[in-house]
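# Breakdown of the fold
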Number of protein chains: 2
Amino acid sequence: MIEFADRINSMSKSAAVVRKLFGSMTDPEMISFGGGAPAKEVLPVEKVNEIASEVFTRDGRGVEALQYGPPVGITDLREAVIEHLLAPKNLNASTEEVMIVAGGLETMNLICELFINPGDVILVESPTFVHCVEIFEMFQAKCVGVMMDEDGMVIEDLERKIIEYKPKMLYTIPTFQNPTGKTLSTERRRAVAELGSKYDILVLEDDPYRELRYSGEDLPPIKAFDRTGNTVYANSFSKIFSPGSRLGFVYASKEIIDKLFDAKTATNSQTSGIAQVICAEFFKRGYFEENLALAKEIYRERRDALIACIDKYLPEGTKRVFPDGGLFTWVELPGEINTTELLEEAVKNKVAYVAGEGFFAGGEGLGKNCMRMSFGNVTPEQIEEGMKRLGKLINSKL
Amino acid sequence: MIEFADRINSMSKSAAVVRKLFGSMTDPEMISFGGGAPAKEVLPVEKVNEIASEVFTRDGRGVEALQYGPPVGITDLREAVIEHLLAPKNLNASTEEVMIVAGGLETMNLICELFINPGDVILVESPTFVHCVEIFEMFQAKCVGVMMDEDGMVIEDLERKIIEYKPKMLYTIPTFQNPTGKTLSTERRRAVAELGSKYDILVLEDDPYRELRYSGEDLPPIKAFDRTGNTVYANSFSKIFSPGSRLGFVYASKEIIDKLFDAKTATNSQTSGIAQVICAEFFKRGYFEENLALAKEIYRERRDALIACIDKYLPEGTKRVFPDGGLFTWVELPGEINTTELLEEAVKNKVAYVAGEGFFAGGEGLGKNCMRMSFGNVTPEQIEEGMKRLGKLINSKL
């Protein structure tokens, strides 16, 4: 058989293991705190139907949606991004600085195409989003973890590692982080942007959960403190419109967007026009704000239910993050419990989570007693029942 | 500014030049034989409207379309590929051997992710599809051209170059090739598959125009002669459904599909569910065959009109390919006419084409008197008028 490229051989198997496990979970009795899917109740099915029926006509936007379109995305969706998602955060972008991509993850891929050579170091939070590590490994980058405390990345550790490893890039999810649910403080956001400029490092700010805030006050993006163009702001429509649409956007300097145009063209040439036209209309018709209000109501209730159940059913000494938004909390169990080993038994008991150790780039043996729990796609009743099952199992191990 | 990766610096500028030229052509008076877009008359706008209205419901397929879906694509679209596009060509694929991708070009990107290291040689037809060369350059491959005659790639030259360059891959468009409109003969198809197996080279067969045949008999794909899994069959829904949908598929051995799963996940995780569900229904409802019959009727008339006008308006000594299908013909002008230089003047005269020399990988100075002409998106009336303008200009140069 033809030999695979080096980049394939350098990909670790951890992400694949996580995926395969969840691929097999089609049991309707299973209560899963794994995955990161939005609640099906917040998917705007009826709005999409209405929009598609009205705009997919020959005199309307049907030809635009079905014909070839611009690699950077259609203009009115880029304008919607600026008006509804950037301007409210005091980010003053022009359409030349915004590009539509095929889902939030594609930005990581395209940015790596632009900047990452084999052997380059990328700093990531420890723990971090495992699928992005998989992308970085595909580019044969070396991921190095930066310590976190309750306020997110520890700036002293970040600067120390910048000096030690001379990284090309820092990848960060500052708001309601995946997997921990933690949020980087405002002071640290400013510091991150300044370190990016000072050491000429690309700061890739991934912010897909930001709109889903249930408590506390909005914080400015890192990008708001960027004076040199070193920060690239990546976001997704998955949590605020539809993951299946596969739409995301990137806001960066015009110089970087111009190069992203070439990379996008040489990857898949453009993002689906069918999905883009529907999404643009979703914003134009004011459905984004309406749907977001519904989503926040549903998720707030689920977050509160999950946190209450963790405190009620998991053993004394359990630590958990109280997330002000997003879809995740991070649980640290007391004692010697290994969450990877426990998972198989949990699944037999019809409850699932994602084991913590897979989220640590480099696999330094951290997070063995941790788990990521998502409250996005489970009802309060399922949360109560699922946590009862999980609590019983964990308590039996102590 | 942060340094770009080596792969960005190694991309040539030819494709970018082609793109930018056509990006600026929004003049409604312009008659363009450039581009490769389908006729807007064959875009199934009404069918898509009907399907979206009926299936995007909460009890129907609305949640499936909007929620996360499988990286390999939804099952019924893979089944539609097997039933409507592979079985009729005697390709007996299973669903495990078929993957849905985000447009035909994405397959080239994913296959390069799997197999291409910097410095690897990829053989391509001379001339070949310029956007794929751009992808190959992004992976820092070296493209080497294989000679063509009226029956497509010359097998003796192919084998000679396999021995000389030890390539990792051969990229070929055997049917109604872009840019020439030429079709590889059956005997040569068999020979290509056998050479792939003999020398353990990946044969990437790109077949997006195959369904659009207006004369002559269907030929089997190269993949039909593959006994070792060395041939990968790539196709697109752009010419038979909608380019804006950004849908394509790949048919390969299960071993390769399993690895493509990882590459796809680490690129953009999955293809748009909104587009996939609509496309699957398009096949299920029998609209594919209906729409294809319409497309062939329209394109046959346009092909005949363009060929007649070339013979009528271009100077004696002009050579052109009579394509049995697809969207392109290839024109070789007599004398010293440089089509790249001529283009600027042509555009001033409100007629456009793509100059030939950009299609030769390596830029060996070939094709300077050639042009690619597309009849896809111009009416017979526009063809008559456009060729009159072009013929007048070219004759004035002799």
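Preceding this section is the structure that the text describes.
Our subject in this report is the structure included herewith. Being a predicted model, the structure only gives us computed values, none of them experimental. Residue indices begin from 1 for each chain and proceed along its sequence in written order. Going through the entries in the order they are written, you letter the chains from A and number the ligands from 1. Totals for whole chains, interfaces and linings use every residue, but because this is a predicted model, local features are given only for residues with pLDDT of at least 70 and side-chain atom pairs only at 80 or more, for both listing and counting. Processing note: side-chain calculations cover all non-hydrogen atoms of the structure and skip hydrogens and water entirely.

### Focus on the overall build of chain A
Helix and strand definitions here come from DSSP, where helices need a minimum of 4 consecutive H or I residues and strands a minimum of 2 consecutive E residues; each element is numbered from the N-terminal end. Each helix and strand in chain A was counted, giving 14 helices and 15 strands. Considered along the principal axes of its C-alpha atoms, chain A spans approximately 65 × 55 × 50 Å. Exposure classes here rest on a 1.4 Å probe applied to the protein chains alone. A residue is buried below 20% of its type maximum, exposed above 50%, and partly exposed in between. Across the 398 residues that make up chain A, the buried fraction comes to 65%. Sequence separation of at least 24 residues holds for 75% of the intrachain contacts in chain A that already meet a minimum separation of 6. Per-residue and other accessible areas follow the Shrake-Rupley method at a 1.4 Å probe size, with only the shown protein chains counted as cover for residues. A total accessible area of about 14,100 Å² is found for chain A, and carbon and sulfur atoms account for 50% of it. Here the positive residues are Lys and Arg and the negative ones are Asp and Glu; neither His nor the chain ends is included. Lysine's charge is taken at NZ, arginine's at CZ, aspartate's at CG and glutamate's at CD. Looking at charge distribution, chain A has the averaged site of its 46 positive side-chain charges lying 2 Å from that of its 60 negative ones. In what follows, a contact means two residues having at least one pair of non-hydrogen atoms within 4.5 Å.

### So, the sheet that holds strand E14 (residues 354-355) of chain A
All names here are of chain A. Paired strands, in this sense, are two strands between which DSSP finds at least two bridges. Read across the sheet, 4 strands follow the order E11-E12-E15-E14 without closing on themselves; strand pairing throughout is antiparallel. Each edge of the open sheet carries a strand with a single partner, namely strand E11 (319-320) and E14. Taken together, the 2 bridges between E14 and strand E15 (residues 370-374) define a ladder with antiparallel strand orientation. When the bridges of E15 are listed, Val354 appears paired with Arg372. Here helix H12 (residues 287-313) sits on the sheet and contacts E11, strand E12 (328-332) and E15; the angle it forms with E12, its principal contact strand, is near 10 degrees. To obtain an axis, a line is fitted to C-alpha atoms, over the contacting stretch when the element is a helix, and the angle between two such axes runs from 0 to 180 degrees between their N-to-C directions.

### Re the relation of the copies chain B and chain A
It takes a turn of 180 degrees to lay chain B on chain A, together with a shift of 0.0 Å along the axis; the resulting RMSD is 0.0 Å. Look at the turn and shift together and you get a two-fold axis relating the two. Among all C-alpha atoms of chain B, that of Ser53 of chain B lies closest to the rotation axis, at 2.7 Å. A symmetric contact is evident, with 100% of the interface residues of chain B recurring at the interface of chain A. Copies overlap after least-squares fitting; the atoms used are the C-alpha atoms of residues with pLDDT of at least 70 in both.

### Some thoughts on the sheet that holds strand E9 (residues 231-236) of chain A
Residue and element names in this part refer to chain A. With mixed pairing, the 7 strands of this open sheet are ordered in space as E2-E10-E9-E8-E7-E3-E4. Only two strands of the sheet have a single partner each, and these edge strands are strand E2 (98-101) and strand E4 (142-146). Within this sheet the neighbouring strands show an average axis-to-axis angle of 20 degrees, counted without direction. Pairing geometry for strand E3 (residues 121-125) and strand E7 (residues 169-172), over 3 bridges, is parallel. Residue pairing in the sheet places Ile122 in a bridge with Met169 of E7.

### Here we look at the state of the cysteines
Residue and element names in this part refer to chain B. A pair of cysteine sulfur atoms is labelled a disulfide when the two atoms are within 2.5 Å. The full count for this structure, using the stated rule, is 0 disulfides over all chains. Unpaired in terms of disulfides, Cys309 finds its nearest cysteine sulfur in Cys370, a separation of 20 Å. The class of Cys309 is buried, set by a relative accessible area of 4%.

### Concerning the interface of chain B and chain A
Taken residue by residue, the interface counts 77 residues in chain B and 78 residues in chain A. By salt bridge we mean one thing: a side-chain nitrogen of Lys or Arg within 4 Å of a carboxyl oxygen of Asp or Glu. One salt bridge connects Arg58 of chain A with Glu46 of chain B, and the closest N-O pair in it is separated by 2.9 Å. Polar contact criterion, stated in full: a pair of N or O atoms within 3.5 Å, where within protein one must be able to donate a hydrogen and the other to accept it, and residues adjacent in sequence count only if both atoms are side-chain atoms. Along the contact surface separating chain B from chain A lie 40 residue pairs in polar contact (both at pLDDT 80 or more). Taken together, the elements giving at least two residues each to the side of chain B that touches chain A come down to helix H1 (6-9), helix H3 (45-55), helix H4 (62-66), helix H6 (104-115), helix H7 (130-138), helix H10 (254-265) and helix H11 (273-284) of chain B. Nonpolar residues are Ala, Val, Leu, Ile, Met, Phe, Trp, Tyr, Cys and Pro. Charged residues are Asp, Glu, Lys and Arg, and all others, Gly as well, are polar. Its residues assigned to classes, the side of chain B that touches chain A comprises 37 nonpolar, 22 polar and 18 charged.

### Some words on the packing of aromatic side chains
Put simply, two rings from Phe, Tyr or Trp (the six-membered ring, in Trp's case) pair if the centres are within 6.5 Å, and we call them stacked under 30 degrees between planes, edge-to-face over 60, tilted for the rest. Under the criterion given, the structure shown has 28 aromatic pairs over all chains. Members of the aromatic cluster, joined through ring pairs, are Tyr233, Phe237, Phe241, Phe249, Phe282, Phe283, Tyr287 and Phe288 of chain A. Here, over-ring charges are defined by two tests on the NZ atom of lysine or the CZ atom of arginine: distance to the ring centre within 6 Å, and angle to the ring normal within 35 degrees. Just above the ring of Phe4 of chain A sits the side chain of Lys259 of chain B; from NZ or CZ to the centre is 5.3 Å.

### Observations regarding the packing of helix H6 (residues 104-115) of chain A against helix H10 (residues 254-265) of chain A
How two helices sit against one another is set out by the angle between their axes and by the gap between those axes. All names here are of chain A. With their axes 10 Å apart at the nearest point, H6 and H10 run at an angle of 100 degrees to one another. Viewed along their axes, H6 and H10 adopt a mutual orientation that is roughly perpendicular. The residues of H10 that touch H6, namely those facing Glu106, Leu110, Ile111, Glu113, Leu114 and Phe115, are Ile256, Lys259, Leu260, Ala263 and Lys264. We call two directions roughly parallel when the angle between them is under 35 degrees, roughly antiparallel when it is over 145, roughly perpendicular when it lies between 65 and 115, and oblique otherwise.

### Regarding the pattern of salt bridges
As enumerated under the stated definition, the model contains 58 salt bridges over all chains in all. The shortest N-O distance in the salt bridge between Glu281 of chain B and Arg285 of chain B comes to 3.1 Å. Several salt bridges share partner residues, and in doing so they unite Glu50, Glu54, Arg61, Glu64, Asp76, Glu281, Lys284 and Arg285 of chain A into one network.

### Quick word on helix H13 (residues 339-348) of chain B
All names here are of chain B. Here H13 has its buried residues at Thr339, Leu342, Leu343 and Ala346. For H13, the angular spread of the buried residues around the axis is 120 degrees, confining them to a single face. Exposed and facing more than 90 degrees away from the buried side of H13 are Glu341, Glu344 and Lys348. For H13, the capping residue at the N-terminal end is Asn338, with a side-chain oxygen 2.9 Å from the backbone nitrogen of Thr340. Looking one or two residues beyond H13, the residue adopting positive phi is Lys350, at roughly 65 degrees. In this description, the arc belongs to the directions extending from the helix axis to the C-beta atoms.

### Re the packing of helix H5 (residues 75-86) of chain B against H11 of chain B
Residues and elements named next belong to chain B. At a minimum axis separation of 9 Å, H5 and H11 run at an interaxial angle of 35 degrees. When you trace H5 past H11, the crossing you get is left-handed. Between H5 and H11, the contacting residues are Asp76, Leu77, Ala80, His84 and Leu85 on the first element and Gln276, Cys279, Ala280, Phe283 and Lys284 on the second. Here the residues of the contact of H5 with H11 sort into 6 nonpolar, 2 polar and 2 charged. Left-handed describes a crossing whose near helix is turned anticlockwise from the far helix through less than a right angle; right-handed describes the clockwise counterpart.

### Brief notes about the side chain of Thr107 of chain B
Residues and elements named next belong to chain B. As for its position among the elements, Thr107 is in helix H6. Using a relative accessible area of 2% as the deciding quantity, one classes Thr107 as buried. Excluding its chain neighbours within four sequence positions, the residues that come into contact with Thr107 are Val101, Leu204, Ala234, Phe249 and Val250.

### Some thoughts on the nonpolar core
In terms of nonpolar packing, the biggest core is built from 234 residues, with Phe136, Phe237 and Met387 of chain A together with Phe136, Phe237 and Met387 of chain B touching the most fellow members. Not counting residues up to four positions away in its chain, the partners in contact with Phe136 of chain B are Met108, Cys112, Ile122, Val124, Ala141, Cys143, Met169 and Tyr171 of chain B. In plain words, nonpolar cores are sets of buried Ala, Val, Leu, Ile, Met, Phe, Trp, Tyr and Cys residues tied together by side-chain atoms within 4.5 Å.

### Digging into empty space enclosed by the protein
The probe, sized like a water molecule, is rolled over the atoms to show the empty space still left. Put simply, the grid is 1 Å and covers the protein atoms alone, a cavity is a trapped set of points that fit a 1.4 Å probe, a pocket is an open set with protein on both sides within 12 Å along at least five of seven lines, and lining residues have an atom within 4 Å of a point. Grid points are joined across faces, edges and corners, and a volume is the space filled by probe spheres set on the points. Here the structure, examined in full by the defined rule, presents 10 cavities of 30 Å³ or more. As a volume, the largest cavity reaches approximately 170 Å³. Forming the boundary of the largest cavity are Arg7, Glu113, Pro118, Met138, Phe139 and Gln140 of chain A together with Arg7, Glu113, Pro118, Met138, Phe139 and Gln140 of chain B. Here the residues of the lining of the largest cavity sort into 6 nonpolar, 2 polar and 4 charged.

### Focus: the side chain of Lys239 of chain A
Tracing the chain through its elements places Lys239 of chain A in the loop between E9 and strand E10 (248-251). Asp206 of chain A is the oppositely charged side chain nearest to the buried, salt-bridge-free Lys239 of chain A, at an N-O distance of 9.1 Å. Engagement of the side chain of Lys239 of chain A in a polar contact is seen with the side chain of Tyr68 of chain B, the distance being 2.7 Å. Once you skip the residues sitting within four places of it in the chain, Lys239 of chain A turns out to touch Gly36, Pro208, Tyr209, Leu212 and Leu327 of chain A together with Tyr68 of chain B.

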